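Working through the structure, step by step
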Amino acid sequence: METVTVAQARRMALAAQGFADRVPKGPVGARHLRKVVGRTGLLQIDSVNVLQRAHYLPAYSRIGAYDPAVLDGASARRPRWLFEYWGHEASLLPVELQPLMRWRMATAQGVWGGPRNIAAQRPDLVAWVLQEVRDRGPVTAAVIEQDVPKPKDNWGWNWSDVKKALEWLFYSGEITSAGRTSQFARLYDLTERVLPAAVMSTPTPEPAAAYRALVEIAARALGVAAEPELRDYFRLPLAGARTAVAELVEAGVLIPTQIKGWTRPTWRHRDAALPRKVAVSTLVSPFDPLIWERSRTERLFDLRYRIEIYVPQEQRVHGYYVLPFLHGDRFAARVDLKADRRAGVLRVPAAWAEPGVDEHATAEALAVELRRLAAWLGLGEVAAPERGDLAAALADAGMRGSVSSEL
């Protein structure tokens, strides 16, 4: 069994995720985004838009400023190369992965109570909704919703029965997203009208073969990882993932690897690169696949990260929408951010240094990154940080003023 240090494992993980790749010098287009998704395997979707929607940020973190409309077009216009489905959570995945997800569609593994109950209790409604999509798609839920009571006792989930039926059909693969409206609502359509014919005609693999392929994609994207992390990447069932890991080890795809100081078994993908150094300076989304699995993030980067969106304000430690700042091959800070689009300002409610960093050097690098981010978001100014142990140093690093020089 080979042995690597935590520092080596960290560089492997960063390289696998694309952080060691060369940043494009010219205009960024679809081929650069394809390369990012080739590294990450998928992009998680989240509706929170306090800064920027989650699926846009991983590409920015790896290749810098780009036009989000290019990513929108990848899943909304022909020839599509991305589609929406439940991969990690709600995700954008390469269309070639759709056959590997059909086991989930067939079993409805993981689908939550509302859609499942509607499918069991109101099959007539599900059939009616499917016909509506067939006749009228692409169509939003709002267009075809019946006049049914919406429960108010569960904040955030007061969907109508029509919406639940749509989500059941989406989960089971009969319909999919043909794009999103400007309000980020899904446009539902029949899957065969959205996905390329070559994908639809691909034979459905046996679940065991699909698990094996998905674990390998996860292993390639993670570089080096333990079994729970390989399983978590596509939210695979325990037994199936463990069998897939064993089979990939036997095939020589996964190499047993001991990381010094770790007790749990780990494997590296046979193609994982180990760069001599990783020199990156970028903010990372709370929903970036680099930090999906929080215990791995803590072991690799000594970063205990928790998103506090759903924590009451008085109980938050670092802020509402906090992004870790990756500098070199370590996380050097974390910063709470908000895009004030009306005022054209990137607001910094809080900025915090990680233990042991050079606060002055970190603040200087973070100030540059915040101006770069603001320019990408079309914001003309970065406000002074409001609180946090890095706030003073960051203010001294010249946070106020125009960001036009960074465009």
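Scroll up for the structure.
All values derive from a computational prediction rather than experimental measurement. (Residues numbered from 1 in each chain as written. Predicted model: local features only at pLDDT ≥ 70, side-chain atom pairs only at ≥ 80, totals over all residues. Heavy atoms only, no water.)

Some remarks on the overall build of the protein
The following threshold applies: Segments assigned H or I by DSSP are reported as helices when at least four residues long, segments assigned E as strands when at least two residues long, and all are numbered from the N terminus. Based on C-alpha atoms, the radius of gyration is set beside the globule rule, defined as 2.2 Å times the residue count to the power 0.38. For each residue, the accessible area found with a 1.4 Å probe, counting protein chains only, is set against the maximum for its type, and the residue is called buried under 20%, exposed over 50%, and partly exposed in between. In what follows, a contact means two residues having at least one pair of non-hydrogen atoms within 4.5 Å. Computed with a 1.4 Å probe, the accessible areas rest on the Shrake-Rupley method; for each residue, only the protein chains presented here act as cover.
Broken down by element type, the protein carries 17 helices and 14 strands. Against the globule reference of 22 Å for 407 residues, the protein gives a C-alpha radius of gyration of 22 Å, in line with a compact fold. With the C-alpha coordinates of the protein rotated into their principal frame, the extents come out at 65 × 55 × 45 Å. Looking at the 407 residues of the protein, the share that counts as buried comes to 54%. Long-range pairs, those at least 24 residues apart, make up 64% of the contacts in the protein between residues at least 6 apart in sequence. In the form shown here, the protein has an accessible surface area of approximately 18100 Å², with 51% of it arising from carbon and sulfur atoms.

Section: the packing of helix α7 (residues 123-136) against helix α9 (residues 161-171)
Put simply, the test is: Only the stretch in contact is used when fitting a helix axis, every axis being a line fitted to C-alpha atoms; angles between N-to-C directions are given from 0 to 180 degrees. Just so you know how the angles are binned, under 35 degrees is roughly parallel, over 145 roughly antiparallel, 65 to 115 roughly perpendicular, and the rest oblique. Residue polarity is assigned by list, with Asp, Glu, Lys and Arg as charged and Ala, Val, Leu, Ile, Met, Phe, Trp, Tyr, Cys and Pro as nonpolar; anything else, Gly included, falls into the polar class.
Contact pair α7 / α9: the axes reach a minimum separation of 9 Å and the direction vectors enclose 75 degrees. Relative to α9, α7 is oriented roughly perpendicular. Counted together, Leu125, Val126, Trp128, Val129, Leu130 and Val133 of α7 and Asp161, Val162, Ala165, Leu166, Trp168 and Leu169 of α9 form the full contact between these two elements. Taken together, the residues of the contact of α7 with α9 break down into eleven nonpolar, no polar and one charged.

Quick notes on the environment of Thr202
Applied cut-off: Whenever two N or O atoms come within 3.5 Å, that pair is a polar contact, provided that in protein one can donate a hydrogen and the other can accept it, and provided that, for residues adjacent in sequence, both atoms are side-chain atoms.
Locating Thr202 in the fold gives a position in the loop between α11 (197-200) and α12 (207-222). Counting along the chain gives 164 residues from Thr202 to Gly38, while the straight-line C-alpha distance between them is 20 Å. When neighbours within four sequence positions are excluded, Thr202 is seen to be in contact with Pro99 and Arg102. Polar side-chain contacts of Thr202 include one of 2.8 Å to the backbone oxygen of Ala198.

Some points on the sheet that holds strand β4 (residues 90-94)
The line we're drawing: By this definition, two strands are paired if DSSP reports at least two bridges between them.
Strand order in the open sheet formed by three strands is β2-β4-β3, with antiparallel pairing between adjacent strands. Edge positions in the sheet fall to β2 (43-44) and β3 (82-86), since each has one partner strand and no second. Pairing analysis gives two bridges linking β2 to β4, with the strands arranged antiparallel. Opposite Gln44, over in β4, you have Ser91 as the bridge partner.

Thoughts on the pairing of strand β12 (residues 330-340)
Of all the eleven residues making up β12, nine are buried; the element is thus mostly covered by neighbouring parts of the structure. Where strand β11 (residues 322-328) folds back on β12, the antiparallel hairpin that results is connected by one residue. In sequence, β12 turns back onto strand β13 (residues 345-353) through a hairpin of four residues, with Gly344 there showing a positive phi of about 70 degrees.

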